[in-house]
Amino acid sequence: MLKQIPRIPEGWTTFFLVLAMIYLTGYAIDQAELTPGLDVLMTIGFYGYIAGFFLAKSRFSSRTATLFAIVYGAFAIFYLLGRRFMPEGMIWSHRVADMAYRQADWINKAIYGGTSRDALIFTMHTSVIFWVLGVTAAWFTFREKKIWRVVLPAGLVLLSVVYYYYGPKPLWLYLVLYILISFLYISRTFLAEQESEWIAAVVRYERSITANFMAGGLILALIALLGAWTAPPLSANATVNQAIGGVNSPLRRLQDNWTRLFSSLRSYGTATNDSYSGSLTLGGPRNVGDSLIMDVFVPQELPYAYWQAVVFETYDDGAWSSPPGERVMIIPDDGPINVPETQSREAITQTVRNFVPNAGTIYGMPEVIGSDKQLFVSQQLDSRGNSLVSAVQSRYVLQQGDIYNTRSRMSVATSSQLRAAGRDYPDWIEPYLQVPDEMTGRTLALAGDLVSGQPTVYDAAVTVQNYLRQAIKYNDQIQAPPPSVEPIDYVLFDLQEGYCNYYATAMVMMLRSQGIPARMVAGYAAGEFIKDANVYRVRAKDAHTWVEVYFPTYGWVQFEPTSAIPVFNRPEGESPFGLDVPATANPGAVDALGPDRGGLLPEDDLLEGENTLGDGLTPLTGPGGFSLQTLFSAEYLPVTLAVLLVLVAGAALYLGHRINQRVEGDIRQSYSRLGQWSRWLGHAPQINQTPFERADVLVSIIPEGRRPIRTLTAEFVRYSFSRNGHSPNGVDPQAEWRELRPLLLRQTLAHQAGLARGWMRERTRRWRFWR
């Protein structure tokens, strides 16, 4: 015959509901597939919960139980992770030492800078979190009876995973299930508390009430979820967005450090608000608006400026597409992108402040070779293994107000250098000579007429550029070409109007038809340069496409056929630009931007006097330019901290007063608080004592509090056992507590001081004995 399952006061239903919440949180993280092996979290959470359950049911004090939980946790985590992730033949001392070394290396990078790619570190840290979740969930359920300390921690962990997960799995379903389970848990623990009071008061009740409570909790959870589902989304607040989303905000710094220290985690793409993708179609009118896209801070005004987004290779049937290739991740510690070596380029750092929510593209002058952000680089490889980059994107979505650095190698080749470049093209250039079959004969004939007689490729490119600037009138409101005609032919010979997409396509196709490699690049034109701040202000209306022509030794060089954009005529001299940055012929010699954002303009140097957060947003500045950054400067920091401390203290006093009013105004909670004070004074109430016997014990400790103590106790007895449930004397519990509280505080401080003196005497005695 099987023995009867032992009964626990909280009920086994409560036990399994808490376990389900811990397990569900671990399972959701495992399903996110951030790194292999996260299913171990469910095991660690389970063992932590079991350990916490037995500690909660033990007679250990909270301090002793905490010590045991730490020891058990360290053993469990090292054993499970060492067995799971370390080589099978490695002895255990080496496994523990290896994990300790990895942790020390991670801490060193966290303090002194660097990027960690060790996937085991994330598993170790998350395992610690799940051990703590398991232990505390059991402790606050079966010992402390504080249900919100059970529901909220695991719920916040699950919410953070669901919120930042952009993968294909519907993790939000786990959050919905967690909410349902948590409501059942709250209902069950409330019922368990009521049952304890009913049993103590010898009140009869139906055992089937448990099912009714659970059903009520489930219905309440479903109503809450339905209300959340049907509620309209809250609109974003611009001021709050700037306060929490700025580059210097704690949340933004936390995100930056997270991506740096846990770079091994898998990241998922998400829908972004980027203006350009891997394809572009020649269409009708262009309506881009005037919204702010970015501010680009530079060391000094540049002779020409383009902010590159994506490169296009193939043109067919009126549409462009980017080159095929692989998408690789590059972090700042990897150094610059390994682009082919070219001459006459100068390295330049740009600081970009993004104003587009959920952006992905990393903008910079052609050619981009690095950033202080972790990157996804779309590329092909040439015969030497160099990267032929077509797009650079941030690994993590950029939010409004984010600031990043971009490192570029800007072409400073002169016209004389480009004329002497010749036509010794590499093998990988062939796709950039592609011309579709539908290109008309008169388009090809025009290209031949323009290029014939030109002594060099550079002269040919300039000739075609200048012809298009003169022959085509700029008009961004033209209608899309008819389906039956070739778009370039239509614009060149019939319409003779167009905008940048048509200008650039026409020039590329005309040059390619004459054996000159060319490509179209999309991004933004320079925008408005503000001299006082050395910043290019780029708006949506600056969206642009331009032409790049390939020159052996010098690489891709920009040309501007669009008549609405000023053309840059390269001078003949050897050093025409005079930029205060060194020139380099080897991209590997350019220092990568580290996580410390070397070269990043300080916040005070960002543009002032104008809204820098986009249309409809206002900066957090007051009269005279006084801002939040000023409050936390070295000059004002002591005053700011003092004011914050006063505000926090005032808020704490106010909240304490409100809590005291609520607790002490209820006679049951007032009596319960008397029991708490007795415990703090070293005389915990015994289960076999009557209320008046407990009161007598407290009176023996604080004789001057005799009257309010006995009054509150008598009021509780009348409330609990009289027929009408209240005292006819009209006692005000709060008035009694105003008299009693100072006496209790003074006696508690004296008692704790005595304990401290005794502890010091005991330690001194032991020290003398061992010495």
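Here the residue index of a chain counts from 1 through its sequence in written order. Owing to the predicted nature of the model, reporting of local features is limited to residues with pLDDT of at least 70; listing and counting of side-chain atom pairs is limited to 80 or more, with chain, interface and lining totals taken over all residues. Hydrogens and water are ignored here; the side-chain numbers use all heavy atoms of the structure.

Caption draft 1: Just unusual backbone geometry, in detail. Cis rather than trans, the peptide bond between Pro366 and Glu367 has omega equal to -5 degrees. Tracing the chain through its elements places Glu367 in the loop between β8 (359–361) and β9 (368–371). Within the chain, Glu33 stands out as a residue other than glycine whose phi angle is a positive 55 degrees. With respect to the helices, strands and loops of the structure, Glu33 is situated in the loop between α1 (12–32) and α2 (40–57). Even without a glycine there, the phi angle at Lys145 is positive, about 60 degrees. Looking at the element boundaries, Lys145 is found in the loop between α5 (119–142) and α6 (148–164). Runs of H or I in DSSP of at least four residues are treated as helices and runs of E of at least two as strands, each being numbered from the N terminus.

Caption draft 2: Seen up close, the sheet that holds strand β1 (residues 279–281). With respect to topology, three strands assemble into an open sheet ordered β1-β5-β4, the strand pairing being antiparallel. Where the open sheet ends on each side, the last strands, each with one partner, are β1 and β4 (314–316). Each strand of the sheet is rotated relative to its neighbour by a mean of 20 degrees, with strand direction disregarded. Two strands pair if DSSP finds at least two bridges between them. As paired elements, β1 and strand β5 (residues 319–321) share three bridges and run antiparallel to each other. Here the axes come from fitting lines to C-alpha atoms, over the contacting stretch only for helices, and the angles between their N-to-C directions go from 0 to 180 degrees.

Caption draft 3: Quick peek at the packing of aromatic side chains. Only the six-membered ring of Trp is used, alongside the rings of Phe and Tyr, when aromatic pairs are assigned; centres must lie within 6.5 Å, and planes under 30 degrees apart are stacked while those over 60 apart are edge-to-face, with the rest tilted. Throughout the structure, instances matching the rule amount to 33 aromatic pairs. Ring geometry for Phe15 against Phe142: centres 6.3 Å apart, planes inclined by 40 degrees, an arrangement best described as tilted. Taken together, the positions of Phe15 in helix α1 and Phe142 in helix α5 put the pair 127 residues apart, joining distant regions of the chain. For every residue, the accessible area obtained with a 1.4 Å probe (protein chains only) is divided by the maximum for its type, and the residue is called buried under 20%, exposed over 50%, and partly exposed between those limits. Look at Phe15 and you get buried, because its relative accessible area is 7%. Both rings, one in Tyr499 and one in Tyr502, keep their centres 5.4 Å apart while their planes meet at 90 degrees; by these two values the pair is edge-to-face. With respect to burial, Tyr499 and Tyr502 carry one shared label: buried. The rings of Trp12, Phe15, Phe16, Tyr49, Phe53, Phe54 and Phe142 are connected pair by pair, giving a single aromatic cluster. Its end group placed over the ring of Trp92, Arg95 keeps NZ or CZ at 4.6 Å from the ring centre. By definition here, charges over rings are those cases where NZ of Lys or CZ of Arg is within 6 Å of the ring centre and within 35 degrees of the ring normal.

Caption draft 4: Geometry of a nonpolar patch on the surface. On the surface, a nonpolar cluster with roughly 450 Å² of combined accessible area is contributed by Phe60, Leu67, Phe68, Val71 and Tyr72. Locating Tyr72 in the fold gives a position in helix α3 (residues 62–85). What goes into a patch is any residue over 30% in relative accessible area without a salt bridge, connected to like charges within 9 Å or, for nonpolar side chains (Val, Leu, Ile, Met, Phe, Trp, Tyr), within 5 Å. Method for areas: the Shrake-Rupley scheme with a 1.4 Å probe, in which residue coverage is limited to the protein chains shown. When a carboxyl oxygen of Asp or Glu lies within 4 Å of a side-chain nitrogen of Lys or Arg, that pair is called a salt bridge.

Caption draft 5: Structural view of the pattern of salt bridges. Across all of its chains, the model carries 19 salt bridges by this definition. Here Glu367 and Arg409 are joined by a salt bridge, their closest N and O atoms 2.7 Å apart. With Glu367 in the loop between β8 and β9 and Arg409 in strand β12 (residues 403–411), the pair connects residues that are 42 residues apart, well separated along the chain. We note that Glu367, like Arg409, is buried.

Caption draft 6: Seen up close, the environment of Glu341. By secondary structure assignment, the location of Glu341 is in the loop between β6 (326–330) and β7 (345–354). Glu341 gets classed as exposed once you look at its relative accessible area, which sits at 57%. Measuring from C-alpha to C-alpha, the distance between Glu341 and Gly555 comes to 8.3 Å, with 214 residues separating the pair along the chain.

Caption draft 7: Summary view of the packing of α1 against α5. Remark: α1 packs on α5, axes separated minimally by 10 Å, with the N-to-C direction vectors making an angle of 165 degrees. Judged by the inter-axis angle, α1 sits roughly antiparallel to α5. The way α1 lies across α5 gives a crossing that is right-handed. Where α1 abuts α5, its residues Thr14, Phe15, Val18, Ile22, Thr25, Gly26 and Ile29 lie against Thr126, Phe130, Leu133, Gly134, Ala137, Thr141 and Phe142. Charged residues are taken to be Asp, Glu, Lys and Arg, nonpolar residues to be Ala, Val, Leu, Ile, Met, Phe, Trp, Tyr, Cys and Pro, and polar residues to be all remaining types, Gly included. Taken together, the residues of the contact of α1 with α5 break down into eight nonpolar, six polar and no charged. Angles are sorted into four bins: roughly parallel if under 35 degrees, roughly antiparallel if over 145, roughly perpendicular if 65 to 115, and oblique for all others. Two helices cross in a left-handed way if the nearer one is turned anticlockwise from the farther one by less than a right angle. They cross in a right-handed way if the turn is clockwise. In what follows, a contact means two residues having at least one pair of non-hydrogen atoms within 4.5 Å.

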